[in-house]
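Summary of structural features
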Amino acid sequence: MRMPDTSEILLLVQGVSLAFGGVKALRDVSFDIRKGEIRAIIGPNGAGKTSMLNVINGFYHPNHGAITFKGQTRAQMQPFEASRGGIARTFQNVALFRGMSALDNIMAGRTLRMRRGLFLQMLRYGPALAEEIEHRHRVEEIIDFLEIEAIRKVPVARLPYGLQKRVELGRALAMEPDLLLLDEPMAGMNLEEKEDMSRFIVDVNNHYGTTIALIEHDMAVVMDLSHRVAVLDHGVKIADGTPDEVKKNQGVIDAYLGVAH
Ligand SMILES: Nc1ncnc2c1ncn2[C@@H]1O[C@H](COP(=O)(O)OP(=O)(O)OP(=O)(O)O)[C@@H](O)[C@H]1O
Ligand SMILES: [Mg+2]
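Here we summarise the structure given alongside this text. Model, not experiment: these values are computed from the prediction.

1. Brief notes about the overall build of the protein
Across its full length, the protein carries 10 helices and 10 strands. Counting over 261 residues, the protein shows a buried share of 49%. Taking contacts inside the protein between residues at least 6 apart in sequence as the whole, the part at least 24 apart equals 68%. Total accessible area on the protein stands at roughly 12500 Å², and carbon and sulfur atoms take up 53% of it.

2. A closer look at the site of ligand 1
Close contacts around ligand 1 come from 15 residues, with Gly46, Lys49, Thr50, Ser51 and Gln92 the closest. With respect to ligand 1, the backbone of Gly46 contributes an N or O atom lying 2.8 Å from an oxygen atom. Computed on the free molecule, ligand 1 has an accessible area of 630 Å², of which 64% lies beneath the protein chains in the complex. Of all the elements, helix α1 (residues 49-56) adds the most residues to the shell around ligand 1, at 3 residues. Taken together, the residues that form the shell around ligand 1 break down as 6 nonpolar, 7 polar and 2 charged.

3. Some points on the sheet that holds strand β9 (residues 228-233)
Ordered in space as β6-β7-β8-β3-β9-β10, the 6 strands form an open sheet in which the pairing is mixed. Of all strands in the sheet, those with a lone pairing partner are β6 (87-90) and β10 (236-241), marking the two edges. Averaged over neighbouring strand pairs, the angle between their axes works out to 15° when direction is ignored. Sheet topology places β9 next to β10; 5 bridges connect them, and they run antiparallel. In the strand pairing of β10, Val229 is matched with Gly241. Against the sheet, helix α10 (residues 250-257) makes contact with β3 (38-42), β9 and β10, and its axis sits at roughly 130° relative to β10, the strand it touches most.

4. Some remarks on the pairing of strand β4 (residues 64-69)
With 5 bridges joining them, strand β1 (residues 9-20) and β4 adopt antiparallel strand pairing. Bridge assignment links Gln14 to a residue of β4, and that residue is Ala66. Connecting β4 to the next strand, strand β5 (residues 72-74), in antiparallel fashion are 2 residues, including Lys70 with a positive phi near 50°.

5. Details of the environment of Leu96
The residue Leu96 is located in the loop between β6 and α3 (102-110) in this model. Residues Leu96 and Ala157, 61 residues apart in the sequence, show an inter-C-alpha distance of 8.8 Å. In contact with Leu96, other than residues within four places in its own chain, are Asn105, Val156, Gln164, Val167, Glu168 and Arg171.

6. Concerning the sheet that holds β5
The antiparallel open sheet is built from 4 strands, whose spatial order is β2-β1-β4-β5. Two strands lie at the open edges of the sheet, namely β2 (23-34) and β5, each paired on one side alone. Looking at each pair of strands side by side, their axes are set apart by 15° on average, direction ignored. Examined bridge by bridge, β4 and β5 share 3 bridges and lie antiparallel to one another. The residue bridging Ile67 from the neighbouring strand is Arg74, located in β5. Across the sheet, α1 touches β1, β2 and β4, and the angle it forms with β1 is around 120°.

7. Let's talk about the nonpolar core
Most often, soluble globular proteins keep nonpolar side chains buried together rather than apart. Counting 34 residues, the largest nonpolar core has Val167, Leu180 and Ile201 as its most contacted members. Elements with a minimum of two residues in this core: α3, α5 (126-145), α6 (161-174), β7 (179-183), α7 (191-208), β8 (211-215) and α8 (219-225). Among the elements that make up this core, the one with the highest residue count is α6 (5 residues). Residue contributions to this core reach at least three from each of two domains, namely domain 1 (1-86 + 179-189 + 211-261) and domain 2 (92-176). Apart from residues lying up to four places away in sequence, Leu180 is in contact with Ala88, Leu169, Ala172, Leu173, Val204, Thr210, Thr211, Ile212 and Ala213. By size, the runner-up hydrophobic cluster in this structure holds 26 residues, among which are Ala25, Ile33, Val55 and Ile67.

8. Section: the packing of α3 against α6
It is the contact of α3 with α6, at a shortest axis distance of 7 Å, that shows an interaxial angle of 30°. Of the possible angle classes, the one that applies to α3 and α6 is roughly parallel. Like other packed secondary-structure pairs, α3 and α6 cross with a definite hand, here right-handed. Taking contact as the criterion, the partners of Ala102, Asn105, Ile106, Gly109 and Arg110 in α3 are, on α6, Val167, Gly170, Arg171 and Ala174.

9. What about the side chain of Arg89?
Mapped onto the elements, Arg89 comes out in strand β6. On the accessibility criterion, Arg89 (9% relative accessible area) is buried.

How each quantity is defined
Here the residue index of a chain counts from 1 through its sequence in written order. For naming, the first written chain is A and the first written ligand is 1, with later ones following in the order written. In keeping with the predicted nature of the model, local features appear solely for residues at pLDDT of at least 70, side-chain atom pairs appear and are counted solely at 80 or more, and the whole-chain, interface and lining totals rest on all residues. Where side-chain values are given, they derive from all heavy atoms of the structure, hydrogens and water being excluded. Secondary structure is summarised from DSSP: a helix means a run of H or I of at least four residues, a strand means a run of E of at least two, and numbering begins at the N terminus for each. Relative accessibility thresholds used throughout: buried, under 20% of the residue-type maximum; exposed, over 50%; partly exposed, between the two (1.4 Å probe, protein chains only). Contact definition: two residues touch when any of their heavy atoms are within 4.5 Å. We get accessible surface area from the Shrake-Rupley algorithm with a probe of 1.4 Å; when it comes to residues, only the shown protein chains can shield them. It suffices for a single heavy atom of a residue to lie within 4 Å of a molecule or strand for the residue to be listed as near it. Contacts described as polar in this section are N or O atom pairs within 3.5 Å, which, within protein, must combine one atom able to donate a hydrogen with one able to accept it, while residues neighboring in sequence count only if both atoms come from side chains. Think of it as three bins: nonpolar holds Ala, Val, Leu, Ile, Met, Phe, Trp, Tyr, Cys and Pro, charged holds Asp, Glu, Lys and Arg, and polar takes everything else, Gly as well. When DSSP finds two or more bridges between a pair of strands, those strands are recorded as paired. Fitted lines through C-alpha atoms serve as axes, helices being fitted only where they are in contact, and the angles separating the N-to-C directions of these axes extend from 0 to 180 degrees. Working definition of a nonpolar core: buried Ala, Val, Leu, Ile, Met, Phe, Trp, Tyr and Cys residues. They are joined through side-chain atoms within 4.5 Å. Domain limits in this description derive from either an automatic procedure or a database domain assignment. Note on terminology: angles under 35 degrees are roughly parallel, angles over 145 are roughly antiparallel, angles of 65 to 115 are roughly perpendicular, and the others are oblique. Note on convention: the crossing is left-handed when the near helix lies turned anticlockwise from the far helix by less than a right angle, right-handed when the turn is clockwise.

Okay, structure coming up:
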């Protein structure tokens, strides 16, 4: 597998803990994500994987610990700061505007990048018009890249699940993120849809150079796609390394077999 070109750290998570009442979702978790890599976060149900992504993009604020993104350290971040800063994500349950077309959903991902005020946008005046043309151009490029020309005008509610997930990926890509967070992008897919999605994830990483954090339950996919894997269990990081290292780790094997600890 092609390894990322640099060992530069894009995101550093240090000693993050997060509790919901009595539930300790994350306990003193630390790891890093290097620029250009596909970094998997795996673990049994309830391990804290989604919570970790929510801390990274500012949906949740950790009780302890800090996140350093592009060299800037914060105890917490607001979601809009995360997206402005270049973090985009997809959700475990598809989150799209269901009545809107695939095209409009992807266009919505551009909104954050629009510089001109809404007033000028509405008037379609001067610089705002030029900007809209540029946005349309980028959106078309993404539609082409994800091979969804045929469904561009279809309301997403009418699309099969696998394609909805692809549109959601498109919306995240429209933000031109430096870090893309994918929460189970292949959940609920059949084999063919999974293969398609795997290919797109690798292509995004190669073609756009986007750094990716990937939560996925399918071990074959994780082992195949990712450069490095962090393993969570009951909110604790129990292993971290290359797919081969993690696969052989006894703690990981026990966690997946449900051995008490
Ligand atoms: N908003 C919340 N309020 C209360 N408890 C929560 C909340 N979000 C997560 N939890 C709890 O935190 C723990 C970790 O949940 P999380 O969703 O992060 O796990 P996960 O690894 O993503 O699991 P899954 O594989 O099932 O998606 C679980 O015990 C869960 O019930
Ligand atoms: Mg989850």
